[in-house]
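# Residue-level structural notes
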Amino acid sequence: MKLNSLHALFVNELRDLYSAENQLLKALPRMAKAAKSPDLKKAFTDHLEETKGQVKRLEQIFETLEMNPKGKKCKAMEGLVEEGKELMEEEDASPDVLDAGLIAAAQRVEHYEIAGYGTVRTFAALLGHDDIAATLQETLDEEGACNEKLTELSEKINVEAEEPAEA
């Protein structure tokens, strides 16, 4: 697809988000398994369910646009997921430090998604797709709430990670 119009860019960005969300569907269970904190595990599993709904919303948007959601790989999410995977493979990380790192990785993902959804929501509104803009705002609100939850968890977990591990 040539990027010769705002609509083409809009569809391109939606496809990028669709790829990103599908990559996240695979990463969140691994993150939940790696987390020590029960609250962090729950946050990841809750967001997994939310992400499934976000993918469905994107599929509905593509149905409305009569377009295919596939065709683009989100390289940014691929990199963010890979960084999280590398963190989880650290053999000498203490559990509290690993949890703090998982939160940091998850917040980078959330910030990326917030930027992406904010952009496509604005494009949708400019293009007169008010229903699509409202749907995208719903997802944007969920991503913002997830980021706030991660911030709350970090305030507790980061303190625990700061304390030296017992020898």
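Below is a summary of the structure that appears in this document. This one's a predicted model, so the numbers in the text were calculated from it and none came from an experiment.

## Details of the overall build of the protein
Within the protein, the secondary structure is distributed over 5 helices and 0 strands. Helices and strands in the protein line up, N terminus first, as α-α-α-α-α. Within the protein, buried positions represent 44% of all 167 residues. Of the contacts formed within the protein by residues at least 6 apart in sequence, a portion of 79% connects residues at least 24 apart. Put simply, the protein has 20 plus and 35 minus side-chain charges, and the middle of one group is 7 Å from the middle of the other.

## Quick notes on the packing of helix H2 (residues 38-65) against helix H5 (residues 130-162)
Viewed as axis vectors pointing N to C, H2 and H5 meet at an angle of 165°, and their least axial separation amounts to 10 Å. Accordingly, the angle class assigned to the pair H2 and H5 is roughly antiparallel. For the crossing formed where H2 meets H5, the hand is left-handed. For the pair H2 and H5, the contacting residues are Asp39, Leu40, Ala43, Phe44, His47, Glu50, Gln54, Arg57, Leu58, Ile61, Thr64 and Leu65 in the first and Ile132, Thr135, Leu136, Glu138, Thr139, Glu142, Glu143, Cys146, Leu150, Leu153, Lys156 and Ile157 in the second. Looking at side-chain class alone, the contact of H2 with H5 contains 12 nonpolar, 5 polar and 7 charged residues.

## Topic: a negative patch on the surface
A grouping of Glu82, Glu86, Glu89, Glu90, Glu91 and Asp92 is seen on the molecular surface, where their side chains present a negatively charged patch. By the secondary structure assignment, glutamate 91 is in the loop between helix H3 (75-88) and helix H4 (95-126).

## Let's talk about the packing of H4 against H5
In the contact formed by H4 and H5, the axes pass within 8 Å of each other and the chain directions differ by 160°. If you check the angle between H4 and H5, you find them roughly antiparallel. Between H4 and H5 lies a crossing whose hand is left-handed. Grouping the constituent residues of the contact of H4 with H5 by class yields 18 nonpolar, 10 polar and 8 charged.

## So, the pattern of salt bridges
It is possible for side chains of opposite charge to pair when their charged atoms get near one another. All chains considered together, the criterion is met by 7 salt bridges. For glutamate 78, the salt bridge goes to lysine 73, with nearest N and O atoms at 3.1 Å. Glutamate 78 gets classed as partly exposed once you look at its relative accessible area, which sits at 37%. One network of salt bridges, in which partners are shared, links Arg57, Glu138 and Glu142.

## Regarding the state of the cysteines
Enumeration over the complete set of coordinates arrives at 0 disulfides. As a non-bridged cysteine, cysteine 74 has cysteine 146 as the owner of its nearest cysteine sulfur, 17 Å distant. Judged by relative accessible area, cysteine 74 falls into the buried class, the value being 0%.

## Here we look at the nonpolar core
Core analysis: the biggest nonpolar cluster contains 26 residues, and Leu40, Phe44, Leu102 and Leu150 have the highest contact counts within it. Every element with two or more residues in this core is listed here: helix H1 (6-34), H2, H3, H4 and H5. Among the nonpolar cores identified, the runner-up in size contains 18 residues, and Val55, Tyr117, Ile132 and Ala133 belong to it.

Definitions and limits used
Residue indices follow the written sequence of each chain, beginning from 1 at its first position. Predicted model: local features are reported for residues with pLDDT of at least 70 only, side-chain atom pairs are reported and counted for 80 or more only, and whole-chain, interface and lining totals are derived from all residues. Note that the side-chain values use all heavy atoms of the structure and ignore hydrogens as well as water. Strands are runs of DSSP state E lasting at least 2 residues, helices are runs of H or I lasting at least 4, and numbering of each runs from the N terminus. Type-normalised accessible area, obtained with a 1.4 Å probe on protein chains alone, sets the label of each residue: buried when under 20%, exposed when over 50%, and partly exposed for intermediate values. Contacts are assigned to residue pairs that have any heavy atoms within 4.5 Å of one another. Positive charges come from Lys and Arg alone, negative charges from Asp and Glu alone, with His and the N- and C-terminal ends not counted. A charged residue contributes its charge at one atom only: NZ of Lys, CZ of Arg, CG of Asp or CD of Glu. Orientation is described by lines fitted to C-alpha atoms, with helices fitted over the stretch in contact, and by angles between N-to-C directions that extend from 0 to 180 degrees. Angles below 35 degrees are treated as roughly parallel, those above 145 as roughly antiparallel, those between 65 and 115 as roughly perpendicular, and all remaining angles as oblique. The hand of a helix crossing depends on one turn: near helix anticlockwise from the far one by less than a right angle means left-handed, and clockwise means right-handed. Each residue gets one of three labels, nonpolar for Ala, Val, Leu, Ile, Met, Phe, Trp, Tyr, Cys and Pro, charged for Asp, Glu, Lys and Arg, and polar for the others, Gly among them. The patches described consist of residues with a relative accessible area above 30% and no salt bridge, like charges being joined within 9 Å and nonpolar side chains (Val, Leu, Ile, Met, Phe, Trp, Tyr) within 5 Å. Note that accessible areas follow from Shrake-Rupley with a 1.4 Å probe, and for residues the cover is restricted to the protein chains shown. What counts as a salt bridge is simple: a side-chain nitrogen of Lys or Arg found within 4 Å of a carboxyl oxygen of Asp or Glu. The disulfide criterion is simple: two cysteine sulfur atoms within 2.5 Å. Buried Ala, Val, Leu, Ile, Met, Phe, Trp, Tyr and Cys residues that are joined via side-chain atoms within 4.5 Å together make up what is termed a nonpolar core.

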